[in-house]
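Understanding the architecture of this molecule
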Amino acid sequence: MKLCIALDNPTKEENLKLAKELKEYSKDLWLKVGFRSFIRDGREFIVELKNMGYNIFLDLKLYDIPNTMADAAEEIAKMNIDMFNVHASAGIRAMNEVMNRLKKFEKRPLVLAVTALTSFSDEEFKEIYGKDIETKALEFAKDAYEAKLDGVVCSVWEALEIKNNTNENFITLTPGIRPFGEDAGDQRRVADIKTAKENKSDFIVVGRPIYKSQNPKKIVKQILKELK
Ligand code: C5P
């Protein structure tokens, strides 16, 4: 299981400060660059992080018509990013087109599909998708598997079922992790490291419990110890 840290700080300087502070662990760590920092700091920021030796997960959750998604995927692949994601709800045809477009790259990024956002309660989810989270997340995961993506973004609570119904090697990346039972914030389906391990999560995503901590390095060290 690998640790992926969400760089959701309000400024580039704070994100870079955190990345520098954790540099000694860079080979073992993935940094998740999301909307906020990518919209603000762009490619230059990614290059800076890559130069420090980090693995980069670009969390832009692409959702558009198939051709536009494939165009975006191609530009992402040119950026030397290690992993990015799309919404499974964009459909199998869109996911197929993304994977086809990436065939020309000798080394392409891993591609994950978002199933259900971990901030959804069951009720909220049903209102939009018409089914309960477990059922629909599994359907989305099967679509992503069929389209030959590398894995999915899901909550810990769906991760094992998804692996059991696809393949052992189909990646599950699970946000909403509160490593040692910290405050959930706006997340609804949180889990700790032990539960993530039991459910065979491949990547855990941790944001606020690390970047808002007084001593991020100490927490990261503790988490990495637990993951061994
Ligand atoms: O601070 P926290 O640990 O809750 O951060 C979780 C990160 O994972 C955020 O950057 C959020 O955008 C992202 N994420 C999520 N649920 C998903 C996909 C991504 O929480 N399904």
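Look a little higher up for the structure.
This structure is a prediction, so every number in the text was calculated from the model and none was measured.

What counts as what
- Residues numbered from 1 in each chain as written.
- Predicted model: local features only at pLDDT ≥ 70, side-chain atom pairs only at ≥ 80, totals over all residues.
- Heavy atoms only, no water.
- Core = buried A, V, L, I, M, F, W, Y, C linked by side-chain atoms within 4.5 Å.
- Buried < 20%, exposed > 50% of the residue type's maximum accessible area, 1.4 Å probe, protein only.
- Contact = heavy atoms within 4.5 Å.
- Near = heavy atom within 4 Å.
- Polar contact = N/O pair within 3.5 Å; in protein donor to acceptor, adjacent residues only side chain to side chain.
- Areas by Shrake-Rupley, 256 points an atom, 1.4 Å probe, with all protein chains shown as cover.
- Helix = DSSP H or I, 4+ residues; strand = E, 2+ residues; numbered from the N terminus.
- Nonpolar A, V, L, I, M, F, W, Y, C, P; charged D, E, K, R; others polar.
- Pairing = 2+ DSSP bridges.
- Axes fitted to C-alpha atoms, helices over the stretch in contact; angles between N-to-C directions.

Examining the nonpolar core
- Among the nonpolar cores identified, the biggest contains 63 residues, and Leu3, Leu49 and Phe84 are the most heavily contacted of them.
- Not counting chain neighbours up to four residues away, the residues in contact with leucine 49 comprise Leu7, Leu16, Ala19, Leu31, Val33, Tyr54 and Ile56.
- Residues Cys4, Leu112, Val153 and Phe203 belong to the second largest nonpolar core, which totals 12 residues.

Quick notes on the site of the ligand
- For the ligand, the set of nearby residues contains 17 residues, the closest of which are Asp8, Lys32, Thr118, Gly207 and Arg208.
- Residue glutamine 187 places a side-chain N or O atom 2.9 Å away from an oxygen atom belonging to the ligand.
- Measuring from an oxygen atom of the ligand, one finds a backbone N or O atom of glycine 207 at 2.8 Å.
- In the complex, the protein chains occlude 87% of the 470 Å² of accessible area that the ligand would expose alone.
- The set of elements that each furnish at least two residues to the shell around the ligand consists of β3 (55-62), β8 (203-206) and α9 (208-211).
- Among the residues making up the shell around the ligand, the classes are represented as 8 nonpolar, 3 polar and 6 charged.

Quick look at the sheet that holds strand β7 (residues 171-174)
- Ordered by their spatial adjacency, 8 strands build a closed barrel running β1-β2-β3-β4-β5-β6-β7-β8, and the pairing between neighbours is parallel. Put simply, the sheet's adjacent strands are angled 25 degrees from each other on average, direction ignored.
- Where strand β4 (residues 83-87) lies against strand β5 (residues 110-114), 5 bridges are found, and the strand directions are parallel. Looking across to β5, one finds that phenylalanine 84 is bridged to valine 111.
- Packed on one face of the sheet, helix α10 (residues 216-227) meets β1 (2-6), β2 (29-34) and β8 and runs near 150 degrees to β1.

Honestly, it's all geometry; don't read function into it.
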